[in-house]
Each structure stands twice: as C-alpha cells, then as structure tokens.
Amino acid sequence: MGSADKEASVDSFLSNKTAMEFLHVDDLADAVVFLMDKYSGLGHVNMGSGKEVSIKELAELVKEVAFQGHLVWDSTKPDETPRKLMDSSKLANLGWAPKISLQDDLVNTYKWYLENVKQ
C-alpha cells in the first residue's frame, strides 16, 4: 500500500528494547460502556489491549502500510522506559477484548490520510 519514495529514510532513536501497548479509541469507548454495564466494584480496572508491540515491530508495520524507504536505528540516543504494558487481565476476565487490531487501525488511518489530507 505504501507509496513513499524508496530512497527516503526514517530515523528512530528508540531501540527494539522499547515496547508499548496500543488501544484504538473506539475500543476504549467500548470498554468504558462495557464496564458501566458489567462492573460495579470499587477497584480500578486498567483498559488496554494486553498486547505488547516493540518499537521495531511498530516501525516495520508502519513501513509495510505506508512507507517504502529505509528504517535507520540511531543507537546513540537513550531509550525510553523499556516496557509500557498495563495489566488489563481484570477487564479480560470480565469478558471484554479489543476488536480493532493495530494493523487494521494503521491501514484505515493511512487510507483516511490519503483520501482527506494528502494533496
């Protein structure tokens, strides 16, 4: 799908050691409505996808969807917090799971960008 210049490059200062969790805003809203209906406890409930994605995996996924150039990893810069993954098992045990994958979200966002922003 990507149509960017094959000679272009994107520099990243984060390494493959850094991993994060992503949740589509529509899934977040769905989880809130789900909890209003199914949960009446006093304790907090983390809302997350429960899936950890490394920055390298994310960059490669974005490249697959929207970029044909080269990824450049700059190891001279410091990393962020190595892991950003919440324990959302309480929500999962209540029966909720996200419906929108990171890949589907990236594809849909890039299509929207091409149709509405890119001139």
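Scroll up for the structure.
Sequence order sets the numbering: in each chain, residues are counted from 1 along the sequence as written. Selection of residues for local features in this predicted model requires a pLDDT of at least 70, selection of side-chain atom pairs for listing and counting requires 80 or more, and totals for whole chains, interfaces and linings are taken over all residues. With hydrogens and water set aside, each side-chain value is computed from the structure's full complement of heavy atoms.

### As for the environment of F22
In step 1: For the purposes of this entry, the term helix denotes a DSSP run of H or I that reaches at least four residues, the term strand denotes a run of E that reaches at least two, and both are numbered from the N terminus. In this structure, F22 sits in the loop between β2 (19-21) and α1 (25-38).
In step 2: Each C-alpha atom, one on F22 and one on G50, is 8.6 Å from the other, the two residues being 28 residues apart in sequence.
In step 3: Whether two residues are in contact is decided by their heavy atoms, any of which lying within 4.5 Å being enough. Those residues in contact with F22 that lie beyond four places of it in its chain are S49, K51, V53, L58 and L102.

### Overview of the packing of aromatic side chains
In step 1: Aromatic contacts are taken between Phe, Tyr and Trp rings whose centres are within 6.5 Å, Trp giving its six-membered ring; a plane angle under 30 degrees counts as stacked, one over 60 as edge-to-face, and the others as tilted. Tallied over the full model, the rule gives one aromatic pair.
In step 2: Taken together, a centroid distance of 6.3 Å and an interplanar angle of 20 degrees make the contact between Y110 and Y113 stacked. In this pair, Y110 and Y113 are both assigned in helix α4 (residues 102-116), three residues apart and thus about one turn of the helix distant.
In step 3: On the basis of relative accessible area, Y110 is assigned to the buried category, the value being 12%. Burial status follows relative accessibility: with a 1.4 Å probe on protein chains alone, a residue under 20% of its type maximum counts as buried, one over 50% as exposed, and anything between as partly exposed.

### What about the pattern of salt bridges?
In step 1: Salt bridges are identified by distance alone: a Lys or Arg side-chain nitrogen within 4 Å of an Asp or Glu carboxyl oxygen. Taken as a whole and assessed by the stated rule, the structure comprises two salt bridges.
In step 2: The partner of K99 in a salt bridge is D30, and the shortest N-O contact between them spans 2.8 Å. One end of the pair, K99, is in the loop between α3 (89-93) and α4; the other, D30, is in helix α1, and 69 residues separate them in sequence.
In step 3: Judged by relative accessible area, which is 61%, K99 ranks as exposed.
In step 4: Taking the shortest distance from any N to any O, the salt bridge between D37 and K38 comes out at 3.8 Å.
In step 5: Residue D37 is classed as exposed on the basis of its relative accessible area, which comes to 60%.

### Topic: a nonpolar patch on the surface
In step 1: A surface patch of nonpolar side chains, amounting to about 460 Å² of accessible area, comprises V25, L28, V32, V33 and M36.
In step 2: With respect to the secondary-structure elements, M36 resides in helix α1.
In step 3: Judged by relative accessible area, M36 falls into the exposed class, the value being 64%. Nonpolar side chains (Val, Leu, Ile, Met, Phe, Trp, Tyr) are joined into patches within 5 Å and like charges within 9 Å, using only residues with over 30% relative accessible area and no salt bridge. In this description, accessible areas are obtained by the Shrake-Rupley approach with a 1.4 Å probe, and a residue is regarded as covered only by the protein chains that are shown.

As far as function goes, none of this settles anything; it's purely spatial.
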